[in-house]
Number of protein chains: 2
Amino acid sequence: MTDQKTNTGADFSRTDPAALEDRIRSAALRPTRQRLALAELLFSNGNRHLTAEKLHSEVLHSGVKISLATIYNNLHQFTAAGLLREVVVDSSKSYFDTNVTPHHHFFHEDEGRLQDIESSELTVLGIPNLPAGTAISSIDVIVRLSKQSS
Amino acid sequence: MTDQKTNTGADFSRTDPAALEDRIRSAALRPTRQRLALAELLFSNGNRHLTAEKLHSEVLHSGVKISLATIYNNLHQFTAAGLLREVVVDSSKSYFDTNVTPHHHFFHEDEGRLQDIESSELTVLGIPNLPAGTAISSIDVIVRLSKQSS
DNA sequence: TTCCTTTTTAGAAACATTCTAATCTATTGA
DNA sequence: TCAATAGATTAGAATGTTTCTAAAAAGGAA
Ligand SMILES: [Mn+2]
Ligand SMILES: [Mn+2]
Ligand SMILES: [Zn+2]
Ligand SMILES: [Zn+2]
């Protein structure tokens, strides 16, 4: 299991504004006020797993007014640029993950919370031959956790 | 990988009406016209992976008129009774699986289609120690497949 | 600045799913 | 056989998440 602050590349835990701006520019996106506020929440606090609504409420609480449409636009643009990945664990809402390296998850069902399991720890053995004409896009392991029955 | 008709218990591929009725009764549910029509589609055609909408359109095409609310009611009742399990692979809709034994999946992303991988074939090694106070509810492995890049 | 493109936005729309509350049906046992 | 009752079905409204629309605002190149 990884530490909450571990990241593959540089440590963005205390990223200065200029670095965030570079990160956005390198994705061929303009560093708008809204995008900078989102990038700060997403990329300056270690690895995170967030829904659109959670990110929206965080950014509003931080004092920046952003519409929900902009949250979705940017989550998708960041995902397309490889700065985020989408994790499917719930059939009603999407989670976005700031850890874009291959890894797996614990999912705390009662809290709706994801927790990383590093690829170096967990191994999947015995994947059958792939159906003809297909290639692996990703391998997702979700270990669903419930509260221990007393 | 399992054959499409393989099932853990009896073979329900050509289940007679009386057996379907028993199956429903043993779940403490009444064998209504609607429930029997759904059970026939679900449990007399090998292992299946269906969305509510797909099941609805199949049952309508078979000539039985059932409301979508009833489809959902019954999918959830069958799931609660252990006759179905829900598989989360898409953040916008739910899939219901007639194979309730522990197993994993290929997911054909382009077609939105699930395919079983038997537990006897695929192994997950190295699950970290569980967070305190939690227990494993299930382990879901999804191997996402895209069309092979030519 | 000017011009062009990207971005943001409010609100409408779409979509899957659940809820409501009325009607209908299966079961039971008098 | 037939009430009585609990369970099941239904249409349509409501919900929650996500996407779309179209107009206004802002960024960036020159
Ligand atoms: Mn999406
Ligand atoms: Mn459900
Ligand atoms: Zn993660
Ligand atoms: Zn399956």
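The structure displayed is predicted, hence computed values, not measured ones.

Q: Help me get a handle on the protein's contact with DNA strand C, residues and values and all.
A: The immediate surroundings of DNA strand C are formed by 23 residues, with A:T32, A:K65, B:R25, B:Y72 and B:H76 found nearest. Those atoms of DNA strand C that come within 4 Å of the protein belong to sugar or phosphate at a rate of 82%. In this structure, A:K65 approaches DNA strand C through a side-chain N or O atom, which is 2.7 Å from a phosphate oxygen. Here a phosphate oxygen of DNA strand C sits 2.2 Å away from a polar atom, N or O, in the side chain of B:Y72.

Q: Tell me what's going on with the relation of the copies chain A and chain B, and back it up with residues and numbers.
A: Overlaying chain A on chain B yields an RMSD of 0.0 Å, the required transformation being a rotation through 180° with an accompanying axial translation of 0.0 Å. Here the transformation between the copies is reduced to the relation of a two-fold axis. Interface residue correspondence from chain A to chain B reaches 100%, placing this contact among same-surface, isologous pairings.

Q: Report on the interface of chain A and chain B, specifying residues and quantitative values.
A: At the junction of the two partners, chain A supplies 41 residues and chain B supplies 41 residues. When the two sides are added together, the surface that chain A and chain B hide from each other amounts to roughly 3,200 Å², 58% of it contributed by carbon and sulfur. Where chain A packs against chain B, one counts two salt bridges. For the salt bridge of A:D140 with B:R144, the shortest nitrogen-to-oxygen distance reads 2.7 Å. Counting every contact that joins chain A to chain B gives 18 residue pairs in polar contact (both at pLDDT 80 or more). Every element with two or more residues in the side of chain A that touches chain B is listed here: β4 (103–108), β5 (113–118), β6 (123–125) and β7 (134–147) of chain A. Per element, the largest residue contribution to the side of chain A that touches chain B is 14 residues, and it comes from β7(A). For the side of chain A that touches chain B, the per-class residue count stands at 19 nonpolar, 14 polar and eight charged.

Q: Mind laying out helix α3 (residues 52–61) of chain A, listing which residues take part and the relevant values?
A: Residue and element names in this part refer to chain A. Taken as a whole, α3 has its buried residues at A52, L55, H56, E58 and V59. Take α3 and look down its axis: the buried residues cluster within an arc of 165°, on one side only. If you follow the buried residues of α3, they end up packed against α2 (33–43), β1 (49–50) and α4 (68–80). Of the residues one or two after α3, G63 is the one with positive phi, at around 95°.

Conventions we followed
- Residues numbered from 1 in each chain as written.
- Chains lettered and ligands numbered in written order.
- Predicted model: local features only at pLDDT ≥ 70, side-chain atom pairs only at ≥ 80, totals over all residues.
- Heavy atoms only, no water.
- Near = heavy atom within 4 Å.
- Polar contact = N/O pair within 3.5 Å; in protein donor to acceptor, adjacent residues only side chain to side chain.
- Least-squares fit on C-alpha atoms with pLDDT ≥ 70 in both.
- Contact = heavy atoms within 4.5 Å.
- Buried area = accessible area lost by both parts, 1.4 Å probe.
- Salt bridge = Lys/Arg side-chain N within 4 Å of Asp/Glu carboxyl O.
- Helix = DSSP H or I, 4+ residues; strand = E, 2+ residues; numbered from the N terminus.
- Nonpolar A, V, L, I, M, F, W, Y, C, P; charged D, E, K, R; others polar.
- Buried < 20%, exposed > 50% of the residue type's maximum accessible area, 1.4 Å probe, protein only.
- Arc of directions from axis to C-beta.

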